[in-house]
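# Close look at the chain arrangement
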Amino acid sequence: MLFSLSNKKAAITGSGSGIGLAIAQVFARQGAEVYILDWNEAAAQEAANSIVAEGGKASAYACDVSNQAQIAEIFQKIGPMDILVNNAGIAHIGTAETTTEADFDRVMNVNVKGVYNCLFAAIPLMKEKGGGVILNMASIAATIGIPDRFAYSTAKGAVLTMTLATAKDYLKQNIRCNCISPARVHTPFVDGFLTKNYPGQEAEMYEKLAKTQPIGRMAKPIEVAYLALFLCSDEAGFITGCDYPLDGGFTRLNN
Ligand code: NAD
């Protein structure tokens with residue numbers, strides 16, 4: 001079978017919902033044993049149960065990726081692993097002037113320190129296995145800077161450069177590291193954003209956001225999961241230190 005993940009252990013953060021959930025489901029279908037890490041305990045458990053009900057192997061761990069001690073403990077329990085997907089992330093709206101210090105710190109803690117914490121805990125466990133694959137969820141915000149998303153764009157820029165630094169540092173240890181940069185993907189992340197910021201205008205704003213992708217719609221979580229599968233499979237063994245836009249033409253075709 002192409003893109004088989006049989007006998008591989010994969011930890012996926014933020015996999016109780018959205019993109020992370022789709023990645024966990026696809027990886028489990030390809031034979032991986034998946035570890036669902038999410039701060040929403042009920043969502044993590046439900047995700048693991050649904051995978052097990054389909055015949056896959058999954059277990060749930062409630063955690064906050066920004067808490068290094070908690071992450072270290074969970075990764076020690078998981079033991080030697082093959083794949084880490086750093087997907088957990090939060091959104092924020094604001095410019096440099098309207099972003100409060102507390103909000104800036106919160107976004108950095110989850111979206112940047114959370115990635116570092118998981119790298120810190122997982123890399124030694126990959127070395128025990130003689131290598132591994134890391135995939136980080138960046139965003140088109142990392143390279144183009146989305147208006148009114150100062151903290152979010154800053155954090156995703158850091159995710160992109162953490163990807164490059166990690167790919168370089170661990171070339172000799174047989175650890176590959178890449179990132180995916182989606183434009184808008186239709187997940188609870190987007191729905192929550194619309195409900196919070198455009199109450200009563202959700203449908204109209206959804207259409208507007210969908211049309212900012214030249215392809216005319218948002219991505220589906222499963223479309224991100226298929227690229228994640230390829231990048232984490234042995235078939236992508238020659239690929240490291242790369243950022244993959246998955247953006248319906250957003251980055252290159254919008255001018
Ligand atoms: P989502 O909100 O549907 O899912 C994110 C999951 O992460 C949730 O289950 C949440 O509980 C979990 N999470 C958040 N903070 C956490 C923490 N501190 N510790 C552990 N778990 C935590 O979001 P999504 O749309 O699936 O986004 C996933 C990733 O993709 C994020 O990093 C996001 O920035 C990125 N992304 C999303 C879009 C989009 O349009 N949806 C576009 C580009 C990039």
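Refer to the preceding data block for the structure.
Attention in this report is confined to the structure presented alongside it. Small disclaimer: the values here were computed from a predicted structure and weren't measured.

Another point: the overall build of the chain. Secondary structure assignment for the chain yields 10 helices and 7 strands. Taken over the C-alpha trace, the chain has a radius of gyration of 17 Å; the compact-globule value for 255 residues is 18 Å, and the two agree within 12%. The principal-axis extent of the C-alpha atoms belonging to the chain is close to 50 × 35 × 35 Å. Per-residue burial over the chain gives 51% buried out of 255 residues. Residue pairs at least 24 apart in sequence account for 74% of intrachain contacts in the chain once pairs closer than 6 positions are excluded.

Of the strand pairs in this sheet, strand S2 (residues 33-38) and strand S3 (residues 57-62) are connected by 6 bridges, and their pairing is parallel. Directly across from Asp38, in S3, lies its bridge partner Ala62. With helix H2 (residues 41-53) bridging S2 and its parallel neighbour S3, the resulting β-α-β unit is right-handed.

When two helices pack together, their arrangement is given by the angle between the helix axes and the distance between those axes. Contact pair helix H7 (residues 188-197) / helix H8 (residues 202-211): the axes reach a minimum separation of 10 Å and the direction vectors enclose 130 degrees. On the basis of their axis angle, the class for H7 and H8 is oblique. The way H7 lies across H8 gives a crossing that is right-handed. Touching Phe193, Leu194 and Thr195 of H7 are Glu202, Met205, Tyr206 and Leu209, all from H8. Classifying every residue of the contact of H7 with H8 gives 5 nonpolar, 1 polar and 1 charged.

Listed as buried for H8 are Met205, Leu209 and Ala210. Within H8, the buried residues cover an arc of 140 degrees as seen down the axis, which keeps them to one side. More than 90 degrees from the buried face of H8, the exposed residues found are Ala203, Glu204, Lys208 and Lys211. Along its buried surface, H8 packs onto H7.

To continue, consider the side chain of Thr166. Topologically, Thr166 is positioned in helix H6 (residues 150-169). Residue Thr166 is classed as buried on the basis of its relative accessible area of 8%. In this structure Thr166 touches Leu119, Ile123, Ile134 and Cys177, once residues within four positions along its chain are discounted.

Evaluation of the coordinates by the stated rule reveals 6 aromatic pairs. Ring centres of Tyr35 and Tyr61 lie 6.2 Å apart, and the angle between their planes is 35 degrees; this geometry places the pair in the tilted category. With a gap of 26 residues between them, Tyr35 in strand S2 and Tyr61 in strand S3 connect regions that are remote in the sequence. Residues Tyr35 and Tyr61 agree in their burial class; the two are buried. Note on Tyr116 and Phe120: the rings are 5.7 Å apart at their centroids and 50 degrees apart in plane angle, and the pair reads as tilted. Pair noted here: Tyr116 and Phe120 are both in helix H4 (residues 101-128), with a separation of 4 residues, about one helical turn. On the basis of relative accessible area, Tyr116 is assigned to the partly exposed category, the value being 38%.

Criteria and cut-off values
- Residues numbered from 1 in each chain as written.
- Predicted model: local features only at pLDDT ≥ 70, side-chain atom pairs only at ≥ 80, totals over all residues.
- Heavy atoms only, no water.
- Helix = DSSP H or I, 4+ residues; strand = E, 2+ residues; numbered from the N terminus.
- Rg over C-alpha atoms; globule rule 2.2 N^0.38 Å.
- Buried < 20%, exposed > 50% of the residue type's maximum accessible area, 1.4 Å probe, protein only.
- Contact = heavy atoms within 4.5 Å.
- Pairing = 2+ DSSP bridges.
- Right-handed = clockwise from strand over helix to strand, strands pointing away.
- Axes fitted to C-alpha atoms, helices over the stretch in contact; angles between N-to-C directions.
- Parallel < 35°, antiparallel > 145°, perpendicular 65-115°, else oblique.
- Left-handed = near helix turned anticlockwise from the far one by under 90°.
- Nonpolar A, V, L, I, M, F, W, Y, C, P; charged D, E, K, R; others polar.
- Arc of directions from axis to C-beta.
- Phe/Tyr/Trp six-rings, centres within 6.5 Å; stacked < 30°, edge-to-face > 60°.

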